[in-house]
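Now for the letters of each chain:
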Amino acid sequence: MLLFYGLILSCGLASMVSAGVFPNYHGQFDFITWDKEKSLHDYESTKKWWEIAAFYQIYPRSFKDSNGDGVGDLKGITEQLPYLKEIGINATWLSPIFPSPMADFGYDISNFTDIDPLFGTMQDFEDMVAKANELNIKIILDFVPNHSSDECEWFQKSIAKDSYYKDMYVWHPGKIIDGKRQPPTNWRSVFRGSAWQWHEKREEYYLHQFGKKQPDLNYRLPQVKEMMKEVMRFWLRKGVAGFRIDSVAHVYEVAPNSLGDWPDEPRNMAVNDPDDWSYLQHTYTVDQPESTQLLYEWRKVLDDFQQQHGGDERIIMAETYSPIEVIMKYYGNDTVNGVQIPFNFLLITWLTNASSAYDYAKAIHTWLDNMPNGKTANWVLGNHDQHRLASRLGEDRVDMMNILLLTLPGCSVTYMGEEIGMSNVWISWNDTVDPSACNSNPNIYEKLSRDPERTPFQWSDEYQAGFTTAKKTWLPVALDYAKVNVEEERKVKLSHLDIYKQLQELRKQPTLRHGLAEIAAINNNVLAVKRYLLKDYTYVTLMNINDNRETINLREVFSDLPEEMIYILVTKQSENKIGTRVRISSVQLNPKEAVVLKSLTQLATTAGYFVYYIHESPKNKIV
């Protein structure tokens, strides 16, 4: 274990931080004197609402059906907003609710400023926002900038070569090879096959990085950028608190040359299926620098609206699976504000059933140690495009992962159902509706389908899990709904839901909202997170990831811990109870057990010193 000590001098702290002496410094309250005579509100008034918020993603088709058609809707969401309040949620982002032919279930938008009748009316939307405001829950909308539906009025006018809309999409006549017309490049669609589609009426190819009913907008045309900014302003005026930006990495492709042509992308020799998106290295269609610049422009739209209308800060959450060095640019730079929350998917993409505690620590440190000074971390365990946590890492790891999510510094994002331990539902080839899978074949569709994680939410053990009164739901309800549902788990001590709610209460403590964090892999099986704040309680999260019984000496892991701590949160694998004392030199953990310990008294942690830890194992370097 390597230790770096820095004496805290009040006159020199700012310069030390800006010089990068403390690369993990991101908190506002880490070095101030925590005045217990002041109220927590006094301190939190200087912190922006989203920095310590618990976000919750709703997939509207599957959350709650109010009219018995087997599909979730806005009235259903409004009906269940008190549930979000119950589980400590501050804001919810909704997957698309706009008019759409539903070729990609709302991600193919035909009108960016209306509500699809499947989900309700604009009045239903306004009622939902009003109810959310009553409960102090903010509404975040999905914003899908890369493409529209091919049924969008803009695209239809572009087909007709209307002077204003003619170049709003990416068109090309193709190239003639051996007397036959071919697509202009070898680019592949995320949904398999060529990313180019011939249009008979216009007699040109159009680009679609996703489905063929999702033509790509041309952001090199100024009016496209302005029209999409106006879409943002429309919904801001409707009272939304911000946007989740879909597929940021795909918004721009490389600029064409002087002849209007683009280069082919190089082969990825590790993939042999020519229809697979990964068959090519995406040098020219992903992560172009203009995409990052566009995020800065969108942030300015929100900031300008904020300046004009006041109220709480409106935010952007940006979706990307890009390399870490690209994602960090989303935060902005020395002169320009970027997005507040570039999604951190490392806990999803880096961790598997075979991962060790060192892998967990590396995923966490990779984000924290690359994040620019003064920015806020975020942690995500699932979404509508990823297999559910219980299916990905195991039902017996659901609680420990939620404990990790909610005891790390920054804001958290929960996909609906992860708080009750919902798992994937097997969907047959005949019942599959996800275009990503439907564009393949019965032999490989299961590897591509996102349907299993999008099934209806399980509210109760009643008919259709309490989701609907319909005989048929748009996707099948899970077979385990009688056991895994909100009503049942409300009754059971240490159920997934019970632990999640305990965690949200625990997160109200000053240390967990404002304190520093140290993360250490103690051995191959055990991960530890220490949260501490001057003159306040210290907390330690312990996770035994695997099936060995472990005895841990925390004195060898962290400094400035008392001889004894108490259990403040336990899981069903625990033999101890909340309030039990334990000597930190011999903490025992059962297989798959996770706990949170708390100091008995408020500690003057490090007595005026800042300690930045880099933990190493002889075999596994973590940072």
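Since we're looking at a predicted model, the values are computed, not measured.

Draft legend 1. The overall build of the protein chain, seen in detail. On a plain count of helices and strands, the protein chain comes out with 17 helices and 23 strands. For the protein chain, with 623 residues in total, the buried portion stands at 60%. Put simply, of all contacts in the protein chain between residues at least 6 apart along the chain, 68% involve residues at least 24 apart. Total accessible area on the protein chain is roughly 24800 Å²; 49% of this is exposed by carbon and sulfur atoms.

Draft legend 2. Highlighting empty space enclosed by the protein. Enumeration according to the criterion identifies two cavities of 30 Å³ or more in this entry. By volume, the largest cavity amounts to about 40 Å³. Every residue lining the largest cavity is listed: Gln57, Trp93, Arg244, Glu319, Phe343, Phe345, Val380, Gly382, Asn383, His384 and Val413. Residue composition of the lining of the largest cavity, by class: five nonpolar, four polar and two charged. Space inside the second largest cavity adds up to approximately 30 Å³. If you trace the second largest cavity, you find it lined by Phe98, Ile109, Phe112, Asp142, Phe143, Val144, Val231 and Trp235. Those elements that place two or more of their residues in the lining of the second largest cavity are strand S4 (138–143) and helix H6 (222–237). Of the residues contributing to the lining of the second largest cavity, the split by class is seven nonpolar, no polar and one charged.

Draft legend 3. Representation of the packing of helix H3 (residues 74–86) against helix H4 (residues 122–134) in the model. At a minimum axis separation of 9 Å, H3 and H4 run at an interaxial angle of 10°. The orientation of H3 relative to H4 falls into the category roughly parallel. When the axes of H3 and H4 are compared, the crossing they make is left-handed. Every residue of H4 that contacts H3 at Leu74, Lys75, Ile77, Thr78 and Leu81 is listed here: Asp124, Phe125, Asp127, Met128, Lys131 and Ala132.

Draft legend 4. Spotlight on the nonpolar core. Membership of the largest hydrophobic core comes to 167 residues, with the highest contact counts inside it found for Phe55 and Phe125. The element contributing the most residues to this core is helix H10 (residues 357–370), with eight residues. When residues of this core are assigned to domains, at least three fall in each of domain 1 (54–151 + 219–501) and domain 2 (532–603). For Phe55, the contacting residues outside a window of four places in its chain are Trp49, Trp50, Ile89, Ala91, Ile315, Met317, Ile341, Cys411, Ser412, Val413 and Thr414. The next biggest cluster of nonpolar side chains, apart from the first, holds seven residues, and it includes Ala195, Trp196, Tyr205 and Leu207.

Draft legend 5. Representation of the packing of H6 against helix H7 (residues 289–309) within the structure. Their axes nearest at 10 Å, the elements H6 and H7 cross at an angle of 35°. Relative to H7, the crossing made by H6 is right-handed. From H6, Lys225, Lys229, Met232, Arg233, Leu236 and Arg237 reach across to H7, where they touch Leu294, Glu297, Trp298, Val301, Leu302 and Phe305.

Draft legend 6. Quick peek at H7. Spanning 21 residues, H7 covers 31 Å between terminal C-alpha atoms, matching the ideal 30 Å at 1.5 Å per step. Those residues of H7 that sit buried are Ser291, Thr292, Leu294, Leu295, Tyr296, Trp298, Arg299, Val301, Leu302 and Phe305. Among the structural elements, S4, H6, strand S10 (242–245), strand S11 (315–318) and helix H8 (324–330) are those in contact with the buried residues of H7. After H7 finishes, the residue Gly310 shows a positive phi value of roughly 70°.

Draft legend 7. Spatial organisation of the pattern of salt bridges. Summed over all chains, the structure comprises 40 salt bridges. A salt bridge links Glu319 to Arg244, with the shortest nitrogen-to-oxygen separation between them at 3.2 Å. Linking Glu319 in the loop between S11 and H8 with Arg244 in strand S10, this pair joins segments that are 75 residues apart in sequence. Taking relative accessible area as the criterion, Glu319 reaches 5% and is therefore assigned buried. Its salt-bridge partner being Arg581, residue Glu564 comes within 3.3 Å of it at the nearest N-O pair. Placement of the pair is Glu564 in strand S19 (residues 564–569) and Arg581 in strand S20 (residues 581–583), with a sequence separation of 17 residues. Here Arg581 falls in the exposed class, since its relative accessible area comes to 55%.

Draft legend 8. Structural detail: the pairing of S11. Alternating positions in S11 separate into two faces, Ile315 and Met317 on one and Ile316 and Ala318 on the other, with burial throughout. In the sheet, S10 pairs with S11 via four bridges, with the strands oriented parallel. Paired with Ile245 across the bridge in S11 is Ala318. On the question of chirality, the crossover connecting S10 to the parallel S11 by way of H7 is right-handed. In the sheet, S11 pairs with strand S12 (residues 341–342) via two bridges, with the strands oriented parallel. If you follow Ala318 over to S12, its bridge partner there is Pro342. The β-α-β motif built from S11, the intervening H8 and the parallel element S12 has right-handed crossover chirality.

Draft legend 9. Spatial organisation of the sheet that holds S4. What the eight strands build is an open sheet, ordered S12-S11-S10-S4-S3-S2-S14-S13; its pairing is parallel. One side of each edge strand has no neighbouring strand; the edge strands of this open sheet are S12 and strand S13 (378–380). Here strand S2 (residues 54–58) runs beside strand S14 (residues 411–415); their pairing, made up of four bridges, is parallel. Within the sheet, the bridge partner assigned to Gln57 lies in S14 and is Tyr415.

Draft legend 10. Main features of the side chain of Asp116. If you trace the backbone, Asp116 turns up in the loop between strand S3 (91–94) and H4. Buried within the structure, Asp116 lacks any salt-bridge partner; Arg61 is the closest side chain of opposite charge, at an N-O distance of 7.4 Å. Separated by 2.8 Å, the side chain of Asp116 and the backbone nitrogen of Leu118 make a polar contact. For Asp116, the contacting residues outside a window of four places in its chain are Ile97, Phe98, Pro99, Ser100 and Met102.

Draft legend 11. Structural detail: the sheet that holds strand S9 (residues 204–207). Taken together, the three strands give an open sheet; going across it, the order is S5-S9-S8, and neighbouring strands pair in antiparallel fashion. Each edge of the open sheet is held by one strand with a lone partner, namely strand S5 (171–172) and strand S8 (196–199). Summarising the sheet, S5 and S9 pair through two bridges and their orientation is antiparallel. Along S9, the bridge assignment pairs His172 with Tyr205.

Draft legend 12. Local environment of the packing of aromatic side chains. Overall, the coordinates contain 32 aromatic pairs when judged by the stated rule. An angle of 5° between the planes, with centres 5.5 Å apart, marks the rings of Phe155 and Trp171 as stacked. Of this pair, Phe155 sits in helix H5 (residues 153–159) while Trp171 sits in strand S5, placing them 16 residues apart in sequence. For Trp171, a relative accessible area of 10% translates into the label buried. Three or more aromatic residues link up through ring pairs in this structure, and these residues are Tyr56, Phe63, Tyr83, Phe457 and Trp459. We note Arg267 situated over the ring of Tyr279; from NZ or CZ to the ring centre the distance is 3.8 Å. The ring centre of Tyr532 lies 4.5 Å from the NZ or CZ of Lys530, which sits over that ring.

Analysis parameters
- Residues numbered from 1 in each chain as written.
- Predicted model: local features only at pLDDT ≥ 70, side-chain atom pairs only at ≥ 80, totals over all residues.
- Heavy atoms only, no water.
- Helix = DSSP H or I, 4+ residues; strand = E, 2+ residues; numbered from the N terminus.
- Buried < 20%, exposed > 50% of the residue type's maximum accessible area, 1.4 Å probe, protein only.
- Contact = heavy atoms within 4.5 Å.
- Areas by Shrake-Rupley, 256 points an atom, 1.4 Å probe, with all protein chains shown as cover.
- 1 Å grid on protein atoms, 1.4 Å probe; cavity = no way out; pocket = protein on both sides within 12 Å on 5 of 7 lines; lining within 4 Å.
- Points joined across faces, edges and corners; volume = space filled by probe spheres on them.
- Nonpolar A, V, L, I, M, F, W, Y, C, P; charged D, E, K, R; others polar.
- Axes fitted to C-alpha atoms, helices over the stretch in contact; angles between N-to-C directions.
- Parallel < 35°, antiparallel > 145°, perpendicular 65-115°, else oblique.
- Left-handed = near helix turned anticlockwise from the far one by under 90°.
- Core = buried A, V, L, I, M, F, W, Y, C linked by side-chain atoms within 4.5 Å.
- Domains from an automatic or database assignment.
- Expected span 1.5 Å × (residues − 1).
- Salt bridge = Lys/Arg side-chain N within 4 Å of Asp/Glu carboxyl O.
- Pairing = 2+ DSSP bridges.
- Right-handed = clockwise from strand over helix to strand, strands pointing away.
- Lys, Arg positive; Asp, Glu negative; His and termini not counted.
- Polar contact = N/O pair within 3.5 Å; in protein donor to acceptor, adjacent residues only side chain to side chain.
- Phe/Tyr/Trp six-rings, centres within 6.5 Å; stacked < 30°, edge-to-face > 60°.
- Lys NZ or Arg CZ within 6 Å of the ring centre and 35° of its normal.

Without other data, these values stay purely geometric and don't point to any function.
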